[in-house]
Amino acid sequence: MLVNMKEMLADAEKHNYAIGSLNTPNLETLRAVIGAAEELGCPIIINHAQGHEPVVALEVIAPLMKLYAENAKVPVAMHIDHGLDIDFCMRAVRAGFTSIMCDRSAYPLEENIALTKAFVDLVRPLGITVEAELGAMPNNMPSCVPGQEQSDLSDLTKYFTRVEEAEKFARATGVEVLAISIGTVHGMYTEKSNLDIQRIKDIKKAVEGTGTYLGIHGCSGTEPDQVVAAINAGIRKINYFTAMDTGITPAIQQMIDGYEGRPLNYSLMVNVAMEELKKGAKQALELFMTCKKSW
Ligand SMILES: [Zn+2]
């Protein structure tokens, strides 16, 4: 069923787990992600990022996302990932997205607050939930987020979200999710991750009572025990894509090798890719529910 993020976040908070927020820039990924959530019986957030526009336009993928969300056996939020300007975000409103990330993290704090608050005021009467970002996350792949090229990763702490700014932001905007920077990196992170778990705890405490839940992006390549620690510290939404999207390559390569130069149908390759995507999605969603409490 198609919903916004509000109730699923409340349930995740109550039972100590995180909702997977997975990008679905084509039909196969969409079917794989929804299928994985249905098999595990967990709520899911499906994303279309502004960065996917060169692959597929919002107006093309949105009706498919909506159809699969409405028919799913689990709650599904149809979400915009990194909506970087108002025109794109309004296209998402018109296309029926139930949740939108209004990412103004490239702006100074006061401007980020003002632009985000104006957007919240605009879409809240429509029942649309909003995510914002504070402490612009670094990238280790060019074009993870349009306009934000490969970042200097020598010192991740310079990107970290400040506790007092997070509190100010949450109180001023009332966003449902605040994406914070605590050591994860957009794209596939190949170094050993070192998340600032204490910072999550401090920010969670600081935003208590605001109705804002905390999210992280860029968990591809993050050690599983670090992800679990982040959830235990209060992370309730986790964006995940690159590891799943690149993880299909060995299976496709094996299939190509097995055909030894004979004609190979693209439609068969797509099915193999879909199965691999589903495996990747399930693995991530299971990890995000590792510490789920049953009460
Ligand atoms: Zn992101």
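Keep in mind that what you see is a predicted model, and the values were worked out from it rather than measured.

J.: Looking at this structure, how should I read the coordination of the zinc ion?
T.: Each donor-metal-donor angle would ideally measure 109.5 degrees in four-coordinate tetrahedral geometry, or 90 or 180 degrees in six-coordinate octahedral geometry. For the zinc ion, the protein coordination sphere consists of His 82 (NE2), His 186 (NE2) and His 217 (ND1), at 2.0 to 2.1 Å. All donors of the zinc ion come from a single chain, and their spacing in sequence reads H-x103-H-x30-H. With His 186 in the loop between strand S7 (177–180) and helix H7 (197–206) and His 217 in the loop between strand S8 (213–216) and helix H8 (224–233), this residue pair connects regions lying 31 residues apart in the sequence. What makes His 217 buried here is its relative accessible area of 1%.

J.: I keep staring at the pattern of salt bridges and nothing clicks. Help me out?
T.: Side-chain pairing between opposite charges can occur once the charged atoms of the two side chains come close. Summed over all chains, the structure comprises 16 salt bridges. Across the pair Lys 117 and Asp 121 runs a salt bridge whose closest N-O atoms are separated by 2.8 Å. In this pair, Lys 117 and Asp 121 are both assigned in helix H5 (residues 109–123), four residues apart and thus about one turn of the helix distant. Under the relative-accessibility criterion, Lys 117 is labelled partly exposed at 31%. Between Arg 262 and Glu 260 there is a salt bridge; the shortest N-O distance is 3.9 Å. Looking at Arg 262, the relative accessible area reads 48%, which means it is partly exposed. Glu 260 gets classed as exposed once you look at its relative accessible area, which sits at 66%. Here the salt bridges do not stand alone but share partners, grouping Glu 13, Lys 204 and Arg 236 into one network.

J.: I keep staring at the environment of Arg 199 and nothing clicks. Help me out?
T.: On the secondary structure map, Arg 199 appears in helix H7. Residue Arg 199 is classed as partly exposed on the basis of its relative accessible area, which comes to 22%. The spatial distance from the C-alpha of Arg 199 to the C-alpha of Tyr 68 is 37 Å, given a sequence separation of 131 residues. Setting aside anything within four residues of it in sequence, one finds Arg 199 in contact with Phe 160, Thr 161, Arg 162, Ser 181 and Ile 182.

J.: So what exactly am I meant to see when it comes to helix H11 (residues 266–288) here?
T.: Since the α-helix advances by 3.6 residues per turn, residues separated by three or four positions end up pointing in the same direction. Given a rise of 1.5 Å per residue, 23 residues ought to cover 33 Å, and the 33 Å separating the end C-alpha atoms of H11 matches this to within 8%. Those residues of H11 that sit buried are Met 269, Val 270, Ala 273, Met 274, Leu 277, Lys 278, Gly 280, Ala 281, Ala 284, Leu 285 and Phe 288.

J.: Can you walk me through the packing of aromatic side chains in this structure?
T.: We describe a pair of aromatic rings using the distance from one ring centre to the other and the angle between the two ring planes. On inspection of all chains with the given rule, the structure shows one aromatic pair. A ring pair is formed by Tyr 240 and Phe 288, whose centres lie 6.1 Å apart and whose planes are at 85°; its orientation type is edge-to-face. Taken together, the positions of Tyr 240 in strand S9 (residues 235–240) and Phe 288 in helix H11 put the pair 48 residues apart, joining distant regions of the chain. The pair formed by Tyr 240 and Phe 288 is uniform in burial state, with each residue classed as buried. The ring of Tyr 259 is capped by Arg 262, whose NZ or CZ atom sits 5.6 Å from the centre of that ring. Its end group placed over the ring of Tyr 17, Lys 292 keeps NZ or CZ at 4.8 Å from the ring centre.

J.: Which parts of the structure should I look at to understand the packing of helix H6 (residues 163–173) against H7?
T.: Closest axis-to-axis distance for the H6/H7 pair is 9 Å, and the angle between their directions is 35°. As H6 packs across H7, the resulting crossing turns out to be right-handed. Residues Val 163, Ala 166, Glu 167 and Arg 171 of H6 form the contact with H7, whose own contacting residues are Asp 202, Ile 203 and Ala 206. For the contact of H6 with H7, the class distribution of residues is four nonpolar, no polar and three charged.

J.: Any chance you could explain unusual backbone geometry here in plain terms?
T.: Among all residues except glycine, the phi angle is most often negative; among peptide bonds, the trans geometry is most common. Its identity is not glycine, yet Asn 16 carries a phi of approximately 55°, on the positive side. Inspection of the secondary structure assignment puts Asn 16 in the loop between helix H1 (6–15) and strand S2 (19–23). Although it is not a glycine, Glu 260 sits at a positive phi angle of roughly 45°. Checked against the element boundaries, Glu 260 lands in the loop between helix H10 (249–258) and H11.

Reading guide: rules and limits
- Residues numbered from 1 in each chain as written.
- Predicted model: local features only at pLDDT ≥ 70, side-chain atom pairs only at ≥ 80, totals over all residues.
- Heavy atoms only, no water.
- Donors = N, O, S within 2.8 Å, 3.2 Å for Na, K, Ca; no water.
- Helix = DSSP H or I, 4+ residues; strand = E, 2+ residues; numbered from the N terminus.
- Buried < 20%, exposed > 50% of the residue type's maximum accessible area, 1.4 Å probe, protein only.
- Salt bridge = Lys/Arg side-chain N within 4 Å of Asp/Glu carboxyl O.
- Contact = heavy atoms within 4.5 Å.
- Expected span 1.5 Å × (residues − 1).
- Phe/Tyr/Trp six-rings, centres within 6.5 Å; stacked < 30°, edge-to-face > 60°.
- Lys NZ or Arg CZ within 6 Å of the ring centre and 35° of its normal.
- Axes fitted to C-alpha atoms, helices over the stretch in contact; angles between N-to-C directions.
- Left-handed = near helix turned anticlockwise from the far one by under 90°.
- Nonpolar A, V, L, I, M, F, W, Y, C, P; charged D, E, K, R; others polar.

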